[in-house]
Structures are given as structure tokens and as C-alpha cells.
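Residue-level listing of the chains:
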Amino acid sequence: MSHGSGLQAGLKNRHLSMIAIGGVIGAGLFVGSSTGIATAGPGILLSYALVGTLVVLVMRMLGEMSAANPTSGSFSAHADRALGRWAGFSIGWLYWFFWVVVLAVEATAGAKILEGWIPAVPQWGWALIVMLVLTATNLVSVGSYGEFEFWFAGIKVVAIGAFIVVGALAIFGVLPGAHTDKAGLSNLTAHGGFLPHGPGAILTGVLLVVFSFMGSEIATLAAGESENPQRAVTKSTNSIIWRIAVFYLGSILVVVSLLPWNDPSIKSDGSYVAALNSLGIAHAGQIMNFIVLTSVLSCLNSGLYTASRMAFSLGERGDAPKMFAKTNSRGVPMAAILSSVLFGFVAVFFNYKFPDSVFLFLVNSSGAVALFVWLVICFSQLRMRKIIQREAPEKLVVKMWLYPYLTWATAALIVFVLGYMLTDTEHDGRETVLLSLMVAALVLVIAFVKQSVTAKKAQPEIPATEDPEKVPAA
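Overview of the structure. Once a new chain begins, its residue numbering starts again from 1 and follows that chain's sequence as written. Where totals are concerned, whole chains, interfaces and linings use all residues; where local detail is concerned, this predicted model gives features only for residues with pLDDT of at least 70, and gives and counts side-chain atom pairs only at 80 or more. Excluding hydrogens and water, the side-chain figures rest on all heavy atoms present in the structure.

This part covers unusual backbone geometry. Cis geometry is adopted by the peptide bond preceding P404, which originates at Y403 and carries an omega value of 0 degrees. Helix and strand labels come from DSSP, where a helix needs a run of H or I of at least four residues and a strand needs a run of E of at least two; each type is numbered from the N terminus. Note that P404 resides in the loop between helix 17 (369–391) and helix 18 (405–421). The phi angle at S74 is positive, at roughly 45 degrees, despite the residue not being glycine. Summarising the element assignment, S74 is placed in helix 4 (residues 74–82). Buried, partly exposed and exposed residues are distinguished by accessible area as a fraction of the type maximum, computed with a 1.4 Å probe on protein chains only: under 20%, between the cut-offs, and over 50%, respectively. Judged by relative accessible area, which is 0%, S74 ranks as buried. For L402, which is not a glycine, the phi torsion comes out positive at approximately 50 degrees. Looking at the element boundaries, L402 is found in the loop between helix 17 and helix 18. In this structure L402 comes out as exposed when scored by relative accessible area, which is 62%.

See below:
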């Protein structure tokens, strides 16, 4: 392998724009929203608004740090500098672990859809094909990753945009040829009220939807390989409010307005498919399967990219094997990509061989990592603001609002959500937090041991005191 001089600026502005937009539209929005609607009713809108606000605030903090210092390590590199090597090491490896588990989850989800279309190929075969194709895409160049993601994200954006427009027309009764007898804004309050299960269901809804927002930070990692990193970070940070408002709140509002929240089809068919079916749109299920498949492939593509760039950054900082930081002549960190996808393949194997034991443990033990990442971003920004102001105040082109009060309030809200998850036994919230904390504690122990060993090696050797009897007299 010929070694390059590091990552290259192979991502164009249009790639970054679409990566930023597509990053907030995960497959979880299409697949997981039905459980949230069934749990909280129309009040799930407040759950999405609460988590959306949290993500906007966290991304504002990350945007402030990343605009001042764009790097492929993003929040892990910022934590390294602001809080210490242990913080960068721990959150970097936890984030890598999260995404390689996601690879297995998404590969399996995509394989189920593809097997339904072409049953001659077994599900595990489709999972293998999908993983191999996207690994090859990432190995070619960062530009090929960007191009694939541009089209994947583009399809998602157009699909949700069309869904919102069609749904809005149906809600107001102006969609020609559609069955709109169930549709109307009255669905928000007509079936047991806006909060049919009480205000507490809003927080339960938060637990169910919070993980579908993971991925909004990908743009700050990808910015390090763009032509103008500072501009890319600033643009994606400033646009996240409307992205979340339109794609999450807008589309969920359409779903709960098109048909009653307690309609059995929401749980059996999925919220978006049920909404389209209620309008009598032909082949709604297959249309949504195609869109979900696109989201799955997008998530896989970005997950592999993100995991490999975090591994690359850890290698650069000496927190992972040095080979992870080596790139080929095209600026591709091949070792980082191959090691990430290898773990992904192992996780896929566990998903087919031990779905209810080993794989369930992997999923639950990485489940709360999103919240850990957001919490670390809060504490990093509290200290990094002072460092930037002292060393290069002109780099503060993006600023967190109402610093430091809003940063502390955001951190407190994240801690509250984690605490509330510990009371949730119905949706595996407690198990997810406890297992994630256990893995985080293990990584922290490794981090401190490594730091201690490194510190001892760095200490200069003190020469032994010479025996005065052997020193010749002056």
C-alpha cells in the first residue's frame, strides 16, 4: 500500500449539504415512529420537539468547536483537548462501537426488504452483498462515499417532502382521488385528547425517539475532508433547526393527522405506510419499502464512513493502532475501514446465530452512547470556549447561545433523560442505560490505565547516584 499524506479534501459542497440534511433522517424515523405514536398518541409531537430542541442545542455547541477546529475526530478530538486524553479516547471508542453495531442492525433491516423482493437469495446473502458493496464504495475514495450519500440522502429528502405535501393536501381535503374520510386535524384531539396517556407519556416517547436522531453530527466529521471545512460546519449548524422541524415534526404531524393515533394499522404496517394506505394510494407498502431501503443503505454508508474516520482520528492521536492513521494514495484510511467493517460482519453473524443473547447485548450496550456523546459535547464546549477565546477569538464564527447557562441546562436535561430511562422497564430503557454504562466504565478503565502507562514511559530516567567511595578524590 502506498501511503498518502492523510485524508484528502474530496467532498464537494453539494456532498456536504446533502450529508448534513440526510444525517438527520435515519431509518429510525420511518421504522421506529409507530411505537412512539402508539405510546404517546399525538403528544409524540412534543417528544420529537423536545429531543429536536436538545439536538439543535448540542449541534450548536459542536458547531462552535468544529468551525474553530475542523477535524475528522470531531467531538472526540475536542474532548481530548478540552477534558483530557481519557475523554477523547473513551468517547471516540464508544462512538466507534455504536456505529459498527448499527452496521449490523441496518444490514439486517435492508436484507429483510431485499429478500422480500428476491427470495431466491437468503437474508444473510443480501446482508453480505450490501455490506460488501458499501465497503467497496468507501474504499474507492471519499468522493465516491460523498456521491453515493448525495443520491441516497436526495431520495430520502424528496420522499419525505412529497409525503408532507401529499399528506397536507389530503388533510385539508384537496387531494384529488384520495380517500380522506379519516384525515383531518381533528385527529390530534378527537381520540382521547392530545395526550391520551397523560403527560408522562411525553417522556416515555422521548426515550423511544431519541436514538433516531443519532447521525446529525456526521457533517462535522465529514467537514474535515471538504474544500472549505469552516464554511461547511457553519452552514450545517445553522440549518439544523429547519431540517428537524420539517423532516421530523412536519412528517409526524402529517401521520397523526391523516389517521387516528390508535389505528391498529400504525403498529402493524408502520406509521408512514399506514398513512399512505389510508389515502388509498396504490402500492404504498412497496413505495415505503424502497424509501426505507434507501435510508438503510444511507445509514450503512455513513455508518461505515463515520466509524472509519473516528478510528483514523484515534490512530492519529495514538489511542488506536498506528495503522488506522495511515492512508493510501487516494487519501483513504483502508485499515480503519476494513477493521470497522470486520467488526460489522462479526455483529451480523451474531445477529443470525445468537439474536436474543449476544446481539441483543451488543445493541443494548451501545444504545445510550448517543446521550453520552451529547453530554461530553456539552462539557467539552464549556472549557473549549475559554481556550478558543484565549488563543484564537477570531475563530469563534459560530457561537453557542446564552453561554454558559444554556450549555448547563442542556447537560442537565440529558442527565435527566438518562435518569428517567433507569425507571423504564417496559421498553428496555433501564437495561440499555445499565449495559451502556457498564461498557463505558470498561472503556474508561482502559483509558486511565493507558494514560498511566504512557505517563510512566514519558518520564525521563533518573541516573542512579554514584557510589561516593568509587569517585576519585579531587
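Just to be clear on terms, a salt bridge is a Lys or Arg side-chain nitrogen sitting within 4 Å of an Asp or Glu carboxyl oxygen. As enumerated under the stated definition, the model contains nine salt bridges in all. Measuring nitrogen to oxygen at the nearest pair gives 2.8 Å for the salt bridge that ties R14 to E147. On the criterion of sequence distance, the pair formed by R14 in helix 1 (residues 13–23) and E147 in helix 7 (residues 142–171) is long-range, its members being 133 residues apart. For R14, a relative accessible area of 34% corresponds to the partly exposed category. Look at E147 and you get partly exposed, because its relative accessible area is 26%. For the salt bridge of D319 with R85, the shortest nitrogen-to-oxygen distance reads 2.8 Å. One end of the pair, D319, is in the loop between helix 14 (284–316) and helix 15 (334–353); the other, R85, is in helix 5 (residues 85–117), and 234 residues separate them in sequence. Classification of R85 as partly exposed rests on a relative accessible area of 36%. Salt bridges linked by common partners bring D80, R85, R317, D319 and K450 together as one network.

Here a cavity means grid points, on a 1 Å grid over the protein atoms only, where a 1.4 Å probe fits yet cannot get out; a pocket means an open set of points with protein on both sides within 12 Å along at least five of seven lines; lining residues are those with an atom within 4 Å of a point. Grid points are joined across faces, edges and corners, and a volume is the space filled by probe spheres set on the points. With the rule as written, the count across this model stands at two cavities of 30 Å³ or more. Estimated volume of the largest cavity: approximately 60 Å³. Mapped by element, the contributors of at least two residues to the lining of the largest cavity are helix 3 (44–68), helix 9 (218–222), helix 10 (229–238) and helix 11 (240–258). Each pocket or cavity is described by its volume, and for the second largest cavity that value is around 30 Å³. If you list the elements that add at least two residues to the lining of the second largest cavity, you get helix 3 and helix 18. Looking at the lining of the second largest cavity element by element, the count peaks at three residues for helix 3.

Space inside the second largest pocket adds up to approximately 330 Å³. Contributions of two or more residues to the lining of the second largest pocket are made by helix 5, helix 17, helix 18 and helix 19 (429–458). Each residue is assigned to one class: nonpolar for Ala, Val, Leu, Ile, Met, Phe, Trp, Tyr, Cys and Pro, charged for Asp, Glu, Lys and Arg, and polar for all the others, Gly among them. Counted by class, the lining of the second largest pocket contains 16 nonpolar, two polar and no charged residues.

Let us now look at helix 2 (residues 27–40). One turn of the α-helix equals 3.6 residues, which is why residues spaced by three or four share an orientation. One less than the residue count of a helix, multiplied by 1.5 Å, gives the span that helix is expected to have. The end-to-end C-alpha separation of helix 2 is 20 Å, in line with the 20 Å expected for 14 residues at 1.5 Å each. Values of bend correspond, residue by residue, to the angle between axes fitted over the seven residues ending at that residue and the seven starting there. Largest kink in helix 2: about 45 degrees, centred on S33. Turning to helix 2, its buried residues number three or more, namely A27, L29, F30, S33, S34, G36, I37, T39 and A40. One or two steps after helix 2, the chain reaches G41, where phi turns positive at roughly 65 degrees.

As for its placement among the helices and strands, V206 is situated in helix 8 (residues 200–209). Owing to a relative accessible area of 3%, V206 belongs among the buried residues under this scheme. A C-alpha to C-alpha distance of 9.9 Å links V206 and Y420, two positions 214 residues apart in sequence. The contact definition used throughout considers only heavy atoms, calling two residues in contact when any of these lie within 4.5 Å. Excluding anything up to four places from it in sequence, V206 contacts S47, L50, V51 and V417.

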